[in-house]
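Chain and residue survey
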Amino acid sequence: MPRWAIYTIFAVIVLLFLVCIIWVFVKYCCKSKKKRKNNPDHQINLQGVTGSTTTSLLTVGIKQATALPAMDLGGTSDPYVKVYITPNKSKTFETKVYRKTLNPIFNEHFTFEIDKAELNESTLVMKVFDFDRFSKHDIIGELRLQLGTIDWNHVIEEWKNLSEPSKSEDIILGEICFSLRYVPTSSKLTVVILEAKNLKSMDLGGSSDPYVKVQLALDKKKWKRKKTSVKKCTQNPYFNESFTFVVSFEQIQRLQLVISVWDHDKFTRNDAIGKIFLGCDATGNQQRHWADMLSNPRKPVAQWHNLFSSEQVDSILELKHSVRIPFINKNF
């Protein structure tokens, strides 16, 4: 067979192959377009979407404050804002601290999940504090909004005057001072429980027998725990007890440090006075203390903290018990 005939046959085969591919492609596209036109499921109709839920998301934006009173000797303040909802005070948020200013600009937003049935009975509370590392934070003022009176069809953005803080709501559980020190090279975390003051009275005699538990949680699971000695009949105990844990740098990024104060009782169950936690999920003052420790390796960083109720802290942490598998030594 001559060479030109071979080339001709090869060209015809290639041409037929291309024609078949084009025919299949055109047929598939036409079929898809026809199906898309006839299929009503591809039309999105929001009017047909119905549903109900018992909870709502409330977003609170803290924009700025102006003309705050000076709380420090230098004629200025270190303000921050604490935000929560009463009476179900299950979650508390705090803004960053703004140093040496009476006109802070925050621009921070916080989201609460609230049951619709509780809206009319709930109050949004915003408290402005002056930060102090080594003493109790002074409250500058507060703002309270009754959620039942708010028009939820519009975004509210307005100025409000701060008022005197309410004293009837807050239950004083006490304060605790401790220092943190982390050395990355040796993977050692040192917690020094220094002292506590103004602890809530738990005994009939108007006092308490306090001690402190120091607990580490890794990935939301209880991990390591130590405790101080018991101090008898005092609401202002001085401990100065040090505890060291081996924690790698990779683990410190996923760690939570839980500090809890307890009232010791010989004959009944020990009662929790208050609790606080620091670490990867902490906010506000607790987050600042943890960040200061990480940014100052090998240097002890001490700070006072207000205690919260155990229920409030536990609801945020949701710690799980660590699973321990027993090891059985068998000789074969």
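Below is a summary of the structure that appears in this document. In this text the structure is predicted, and so the values were computed from the model without any measurement.

What counts and what doesn't
Residues numbered from 1 in each chain as written. Predicted model: local features only at pLDDT ≥ 70, side-chain atom pairs only at ≥ 80, totals over all residues. Heavy atoms only, no water. Helix = DSSP H or I, 4+ residues; strand = E, 2+ residues; numbered from the N terminus. Buried < 20%, exposed > 50% of the residue type's maximum accessible area, 1.4 Å probe, protein only. Contact = heavy atoms within 4.5 Å. Areas by Shrake-Rupley, 256 points an atom, 1.4 Å probe, with all protein chains shown as cover. Phe/Tyr/Trp six-rings, centres within 6.5 Å; stacked < 30°, edge-to-face > 60°. Lys NZ or Arg CZ within 6 Å of the ring centre and 35° of its normal. Pairing = 2+ DSSP bridges. Patch = residues over 30% accessible without salt bridge, like charges linked within 9 Å, V, L, I, M, F, W, Y side chains within 5 Å. Salt bridge = Lys/Arg side-chain N within 4 Å of Asp/Glu carboxyl O. Arc of directions from axis to C-beta. Axes fitted to C-alpha atoms, helices over the stretch in contact; angles between N-to-C directions.

Moving on, we get to the overall build of the protein. Assigned secondary structure in the protein consists of four helices and 14 strands. Taken over 332 residues, the protein has a buried fraction of 37%. In the protein, of all internal contacts separated by at least 6 residues, the share reaching a separation of at least 24 is 65%. For the protein, the exposed area adds up to about 21,600 Å²; of that, 56% sits on carbon and sulfur atoms.

Turning to the packing of aromatic side chains, a few remarks are in order. For any two aromatic rings, the description comes down to two numbers: the centre-to-centre distance and the angle of the planes. One pass over the structure, following the stated rule, counts four aromatic pairs. With a centroid separation of 5.6 Å and an interplanar angle of 20 degrees, the aromatic rings of Tyr 80 and Phe 129 are classed as stacked. A residue pair is termed long-range when its members are at least 10 positions apart, and Tyr 80 in strand E2 (residues 79–86) and Phe 129 in strand E5 (residues 123–130) qualify at 49 residues. Both residues of the pair, Tyr 80 and Phe 129, count as buried. With centroids separated by 5.2 Å and ring planes inclined at 20 degrees, the aromatic side chains of Phe 93 and Phe 110 adopt a geometry described as stacked. Of this pair, Phe 93 sits in strand E3 (residues 92–94) while Phe 110 sits in strand E4 (residues 105–115), and the two are 17 residues apart along the sequence. Relative accessible area serves as the criterion here: at 16%, Phe 93 is assigned to the buried category. Taken together, the ring pairs in this structure connect Phe 93, Phe 110 and Phe 112 into an aromatic cluster. Note that Lys 224 overlies the ring of Trp 223, its terminal NZ or CZ placed 4.2 Å from the centroid.

Another aspect to go through is the pairing of E2. Within E2, eight of the eight residues are buried, leaving the element largely enclosed by the surrounding structure. Alternating residues of E2 divide into Pro 79, Val 81, Val 83 and Ile 85 and Tyr 80, Lys 82, Tyr 84 and Thr 86, and every residue in both groups is buried. Note that E2 and E5 share eight bridges and pair antiparallel. What sits directly across from Val 83, in E5, is Met 126. The pairing of E2 with E3 spans three bridges and is classified as antiparallel. Across the sheet, residue Lys 82 finds its bridge partner in E3, namely Glu 94. In this antiparallel pair of consecutive strands, E2 and E3, the connection spans five residues.

Together, Phe 10, Val 14, Phe 17, Leu 18 and Ile 21 make up a nonpolar patch on the protein surface, roughly 500 Å² of accessible area in all. With respect to the element layout, Val 14 can be found in helix H1 (residues 3–38). The exposure class assigned to Val 14 is partly exposed, which follows from its relative accessible area of 35%.

With that out of the way, let us pick up helix H4 (residues 310–317). Of the residues making up H4, those classed as buried are Ser 310, Gln 312, Val 313 and Leu 317. In a view along the axis of H4, the buried residues occupy a sector of 165 degrees, so they form one face of it. On its buried face, H4 is in contact with E3, strand E12 (255–263) and strand E13 (271–279).

Of note, Asn 240 is a non-glycine position whose phi angle comes to about 55 degrees, a positive value. The backbone phi angle of Arg 298 is positive, close to 70 degrees, even though this residue is not glycine. Locating Arg 298 in the fold gives a position in the loop between helix H3 (284–295) and strand E14 (301–306).

Taking strand neighbours across the sheet as the criterion, the four strands line up as E3-E2-E5-E6 in an open arrangement whose pairing is antiparallel. Only two strands of the sheet have a single partner each, and these edge strands are E3 and strand E6 (138–146). Sheet twist, expressed as the mean angle between neighbouring strand axes with direction ignored, is 20 degrees.

Evaluation of the coordinates by the stated rule reveals nine salt bridges. As a salt-bridge pair, Glu 142 and Lys 127 come within 3.9 Å of each other at their nearest N and O atoms. Separated by 15 residues along the polypeptide, Glu 142 in strand E6 and Lys 127 in strand E5 bring together distant segments of the chain. Looking at Glu 142, the relative accessible area reads 2%, which means it is buried. One continuous salt-bridge network, built from bridges that share partners, spans Lys 82, Glu 94 and Arg 288.

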